[in-house]
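Tertiary structure, described
Listed below, chain by chain, are the residues.
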Amino acid sequence: MSRFAMVIDTHRCVGCQDCVVACKTENNVPEGYTRDWIAEEVHGEFPTLHLELRSERCNHCSNPPCVACCPTGASHVHPLGGVVLVSHDLCIGCKACLAACPYDARFIHPDGYADKCTFCIHRVERGLDPACVSVCPAHCMHFGDLDDPRSEVSRLLASRNHHALLPEAGTNPNIFYLT
Amino acid sequence: MRTDSGNPVSRRSFLKISAATIAAGAAAGSALHAVYETPREKGIRRVPTYCDLCFWKCGAIATVRDGRLWKIEGNPLDPLSRGRLCPRGTGGVGAHFDPDRLRTPLLRASERGREVWRPVSWEEALDFLASKMRAIQTNYGPESMAAFVHGIGGTFLKHTLKAYGAVNIAAPSFAQCRGPRDTAFRLTFGDDVGSPERTDIENAQCLVLIGSHLGENMHNTQVQEFANAVGRGASIIVADPRFSVAASKAKFYLPVKPGTDLALLLAWMNVIVSEKLYDKEYVGKYGFGFEQFAASVVPYTPEWAYPETGIEPETIRATAREMARYRPATLVHPGRHSNWYGDDTQRERAIALLNALLGSWGRKGGFYIPSSMDVPGYPYPAVPKPSRPALRAMSNKFPFANEDISTSVREATITGQPYPIKGWMVYATNLINSLPNQDETIRAIRQLDLLVVVDVIPSEIAGWADVVLPESVYLERHDEMNPELFKQPFIALRQPVVPAPDNQKPNWWIARRLAEKLGLGAYYPWKTIDEYLEHRLTAGGYSYEQLKKQGIIRGKQPPIYFDDGAPAQFDTPSKKIEFYSTQLAQAGFDPVPKYTRPDPGPPGYYRLLFGRAPVHSFSRTQTNPLLSDVMSENSLWLNAREAQKLDLKSGDYVRLRNQDGKLSNPIKLKATERIRPDCVFMVHGFGHTSKALRSAYGKGASDAGLITRYKNDPLMGGTGMNVNFVTIEKGA
Ligand code: SF4
């Protein structure tokens, strides 16, 4: 088996949004929508501040509520890496998954189906990194298989402090942020 | 920063479900339907070229799918991009698809500034232009035709203009951007830091950034090296009134009072000299006038600097010691846009001198010595000798300017002195937004017999033009090649990826055809651009075929550090690093920088600061549909407690009124802890007033509209622009 994950180094990230633009061109995401975005989290009072910039997207959860709630089976887990995908032809655009996703990762594509990050599975199948990972000028994003202890993502998680988003939601997210 | 802007338009997603091929063992039933169509290699074409979304000129590879431009990625062979573009470069696709781009030549059909034009053929437009230029030549002399240019694309137009007899060709990138820095480093080391800057961030162990927002300012190679420096734990010191992205990576963040950076720099030097922390061997070997310099910084103690800068003396000492600890691998970054307060060359000279004390010029982790590959220029016939010199040569007002000063050309246009300027050619720079004080620019335009704009979009300056010539975007044209001066020397080629969609033409074609119309065809011995490029490359001993295929040809890298044998040469009068500048003393300026307190502005006002965002370049990318989708308007950064006092919250729209009563467009407030309470900040380039820029018109506010005042740098004529103050008015 394989479990795909992204490990993102918030120390290196400059929040430039190249990941957002690259996703839009690679996947032809329609104007007005994005599958990934940058979150800016500030703590403290000027001038003693902590800023975390995070490239965020669908967490490809191991326990995905969007799949559980889908009435048609359109939202599903792909056998390759456990990637969470939507079958456009099965999707009826009911938005149950939009409501179920605690990360607000989904939107309804103008063509009527729920859309979101696919981990660029069409690239991954060909041995490439997802577009966002491959363009990042800060080299802050890493993609790989957590079931392989020798993978770069496994090694990074073993050696660095990290967190994931909303662990309390019980979704078992697969995007990790190095801090 | 999650974007929720823009109107969704129906564009068919390319991700389509196709027949299942990897379905065996599917975990979920519907996985059978889940195999996504991978882009077929059939129908895919990749073309190497170099980017034009900014002046960095990264090597790129564009992918065309079924005849349609799909994406642009970095060229792994390119030493600048190292295979990764910045967000603008990645979004370069949008420059081709920009719905608002210029499509056909236009002649003005109403009064200037009304944006009323008549579409015409290239022949009609160029005939008209040539007749106007001939009239200026006859009535005033060719020197009265001036030009403003930005970027490498201006090469051929400049050649035509010089053949015609023009001598005043200014780049706003000098007097409105990098000029103070380049002048200061030339005065100190005899050479400037260049573009791309010769900063060895990759190897710096201590990096000092003064208002230089790496990461928000996406100078690609520098950002990559900066992230590497952060990744390997380099010590980073940031002085900035704003808690920039760079500040968030810093070991020391110094929230310096705006306009007092020079005080901080002098105090740092005071500590390094008085504690004898400088590189004595380096200073002894290469320095000139160190004694006078050392005496001159004695009064500038950290205690003196504290009330000026707001930075505690202990912090000043600790950071100075930190710099000394890592020298010579301590890089005090000179920044790029350096026209801030009018004393900018002296501030930049202090940066140069601090680097000199640390021994970082010519050293690993400091400033390397760049080189380029030898590609001879095209053997053009000599251009005519001008009968009158350039304006810059006729005035001693700014003695250390070594390039034409855009604002001086503007002034001469208004006054007619020392001779009239009657024509402007403007290439790829939006003068209305790039020069300070828009009223002065418009007053100058009213004096002109001819304003011609060559550009890809109908910018504000195009709105004032008599002739607008639509250039094809970089993805649709050849351009001058780029034998870059860099750490690793290389040559880059720009070549068309897709055809221009309408009646746009490449600048080389426009320049050559205009020369023919002016009877200057003999200055263009080459017929096609291929012939020109091949001629130059062959003369240098390189293969055009190879360059076309790879986009990049790399050369051998000579030693780049003094310690490895790079020549330690300083092209200054003393042939040394000038701690004390006799040139400056002789011209009546401070030979060692001195501090003067900046004007604090009227009470109750905030100082207006402006800067960059990673997804836009100047005021030239706001109609790019990909980039505007990510950032469609700018926002006003205001300290959270100040916002509370004004009863404002993030997301409220406000207007700014400056000290001269100028009112801005509505702009969205960002109430944030990330800025001092005495200033506000916005990203430059928004608040477009050109109606022809339909998708950007009126979105956000324009800093340029509020920059009515500027302070001239007495050394080189730069226009310090952070000298404007605003109040905030509620409501749209
Ligand atoms: S820094 Fe970005 S916009 Fe500038 S040339 Fe490189 S990729 Fe293009």
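Values in this document were obtained by computation on a predicted structure and should not be read as measured data. Position numbers for residues count from 1 along each chain, tracking the sequence in the order it is written. Here every chain gets a letter starting at A, and every ligand a number starting at 1, in the order they are written. With the structure being a predicted model, the display of local features is reserved for residues of pLDDT at least 70 and the display and counting of side-chain atom pairs for 80 or more, all residues being used for whole-chain, interface and lining totals. To get the side-chain values, all heavy atoms of the structure are used, and hydrogens and water are removed first.

**Looking at the sheet that holds strand E8 (residues 141–145) of chain A**
Residue and element names in this part refer to chain A. Here four strands make up an open sheet; going across it, the order is E8-E1-E10-E9 and the pairing mixed. One side of each edge strand has no neighbouring strand; the edge strands of this open sheet are E8 and strand E9 (162–163). At least two DSSP bridges between two strands are required for those strands to pair. By definition, any uninterrupted DSSP run of H or I lasting at least four residues is a helix, any uninterrupted run of E lasting at least two residues is a strand, and each is numbered from the N terminus. The pairing of strand E1 (residues 4–9) with strand E10 (residues 175–178) spans four bridges and is classified as parallel. Residue pairing for E10: Ile 8 is matched across the bridge by Tyr 177. Note on contacts: a residue pair is in contact if any heavy atoms of the two residues lie within 4.5 Å. Axis lines are fitted to C-alpha atoms, over the contacting stretch for helices. Their N-to-C directions set the angle, which ranges from 0 to 180 degrees. Here helix H6 (residues 152–159) sits on the sheet in contact with E1, E8, E9 and E10, set at roughly 110° to E8.

**Re empty space enclosed by the protein**
Residues and elements named next belong to chain B. Method remark: on a 1 Å grid restricted to protein atoms, a set of points is classed as a cavity if a 1.4 Å probe fits but cannot get out and as a pocket if it is open with protein on both sides within 12 Å along at least five of seven lines; lining residues have an atom within 4 Å of a point. Grid points are joined across faces, edges and corners, and a volume is the space filled by probe spheres set on the points. Applying the stated rule across the entire model yields ten cavities of 30 Å³ or more. By volume, the largest cavity amounts to about 480 Å³. In terms of lining, the largest cavity is formed by 31 residues, of which the most central are Gly 211, Ser 212, His 213, His 337 and Trp 340. Elements with a contribution of two residues or more to the lining of the largest cavity: helix H13 (344–358) and strand E20 (606–611). Three classes are used, and their members are as follows: Ala, Val, Leu, Ile, Met, Phe, Trp, Tyr, Cys and Pro are nonpolar, Asp, Glu, Lys and Arg are charged, and the others, Gly among them, are polar. Looking at the lining of the largest cavity, its residues break down into eleven nonpolar, twelve polar and eight charged. Either an automatic procedure or a domain database provided the assignment from which the domain bounds are taken. Each of domain 1 (188–369 + 570–586) and domain 2 (606–730) contributes no fewer than three residues to the lining of the largest cavity.

**Describing the nonpolar core**
All names here are of chain B. Residues grouped as a nonpolar core are buried Ala, Val, Leu, Ile, Met, Phe, Trp, Tyr and Cys residues, joined through side-chain atoms within 4.5 Å. With a 1.4 Å probe rolled over the protein chains alone, any residue whose accessible area is under 20% of its type maximum counts as buried; one over 50% counts as exposed, and the rest are partly exposed. Ranked by size, the top nonpolar core spans 164 residues in total, and within it Phe 226, Trp 268 and Phe 293 carry the most contacts. Examining the composition of this core, we find that eleven residues originate from one element, helix H8 (residues 261–274), more than from any other. Built from parts of two domains, this core gets at least three residues from each of domain 1 (188–369 + 570–586) and domain 2 (606–730). Those residues in contact with Trp 268 that lie beyond four places of it in its chain are Val 208, Ile 210, Ile 237, Leu 254, Ile 316, Thr 319, Ala 320, Met 323 and Leu 354. In this structure, Leu 107, Leu 450, Met 481 and Leu 533 belong to the second largest nonpolar core, which totals 50 residues.

**Topic: the sheet that holds strand E12 (residues 330–332) of chain B**
Residue and element names in this part refer to chain B. In spatial order, the strands read E10-E9-E8-E12; together these four strands make up an open sheet with parallel pairing. Of all strands in the sheet, those bounded by a partner on one side alone are strand E10 (252–254) and E12. Across the sheet, the axes of successive neighbouring strands diverge by a mean angle of 10°, strand direction being ignored. Pairing analysis gives three bridges linking strand E8 (residues 206–210) to E12, with the strands arranged parallel. Along E12, the bridge assignment pairs Leu 207 with Leu 331.

**Remarks on the pattern of salt bridges**
Residues and elements named next belong to chain B. By salt bridge we mean one thing: a side-chain nitrogen of Lys or Arg within 4 Å of a carboxyl oxygen of Asp or Glu. Under the definition given, this model contains 69 salt bridges over all chains. With its nearest N and O atoms 3.5 Å apart, the salt bridge here joins Arg 82 to Glu 202. Pair noted here: Arg 82 is in the loop between strand E3 (68–74) and helix H1 (87–90) and Glu 202 is in the loop between helix H5 (172–189) and E8, with a separation of 120 residues, a long-range link. What makes Arg 82 partly exposed here is its relative accessible area of 28%. You can call Glu 202 partly exposed: its relative accessible area is 23%.

**With respect to the domain arrangement of chain B**
Residues and elements named next belong to chain B. Entries for chain B in the domain assignment read domain 1 (188–369 + 570–586) and domain 2 (606–730). The gap between the C-alpha centroids of domain 1 and domain 2 is 28 Å. In this complex, domain 1 contributes 25 residues to the contact, which on the side of domain 2 involves 25 residues. When two components associate, each loses some accessible surface as probed by a 1.4 Å sphere; the sum of these losses over both components is called the buried area. Considering only the side of domain 1, the residues that lose the most area to domain 2 are Arg 242, Asn 339 and Tyr 341, jointly responsible for 27% of the buried surface there. Connecting domain 1 to domain 2 are zero salt bridges. In protein, a polar contact means a hydrogen-donor-capable atom and an acceptor-capable atom, both N or O and within 3.5 Å, with residues adjacent in sequence counting only if both atoms are side-chain atoms; elsewhere, any N or O pair within 3.5 Å suffices. Seen at the junction of domain 1 and domain 2, the total is nine residue pairs in polar contact (both at pLDDT 80 or more). Considering every element that reaches the side of domain 1 that touches domain 2, the biggest residue donor is H13, with three residues.

**Some words on the site of the ligand**
Near is defined per residue: the residue qualifies when any heavy atom it owns lies within 4 Å of the molecule or strand. Around the ligand, a shell composed of Cys 51, Leu 53, Cys 54, Trp 56, Lys 57, Cys 58, Leu 85, Cys 86, Arg 88, Gly 89, Met 218 and Asn 220 of chain B is seen. When its residues are assigned to classes, the shell around the ligand shows eight nonpolar, two polar and two charged.

**As for H5 of chain B**
All names here are of chain B. Multiplying one less than the number of residues by 1.5 Å gives the expected span of a helix. With 18 residues, H5 extends 24 Å from end C-alpha to end C-alpha; this agrees with the ideal 26 Å at 1.5 Å per step. Two axes are fitted around each residue, one to the seven residues ending there and one to the seven starting there, and the angle between them is reported as the bend at that residue. Of all the bends in H5, the greatest, near 85°, is centred on Arg 178, and the proline Pro 180 appears no more than four residues after it. Of all the 18 residues making up H5, 17 are buried; the element is thus mostly covered by neighbouring parts of the structure. Trailing H5 by a residue or two, Gly 190 shows a phi angle of about 80°, which is positive.

**Examining the environment of Thr 221 of chain B**
Residue and element names in this part refer to chain B. Note on placement: Thr 221 falls in helix H6 (residues 220–231). Exposure remark for Thr 221: the relative accessible area of 3% places this residue in the buried category. With 20 residues separating them in the primary sequence, Thr 221 and Ile 201 have C-alpha atoms 9.3 Å apart. Residues contacting Thr 221, with those up to four places away along its chain left out, are Trp 56, Pro 79, Leu 80, Arg 82 and Phe 486.

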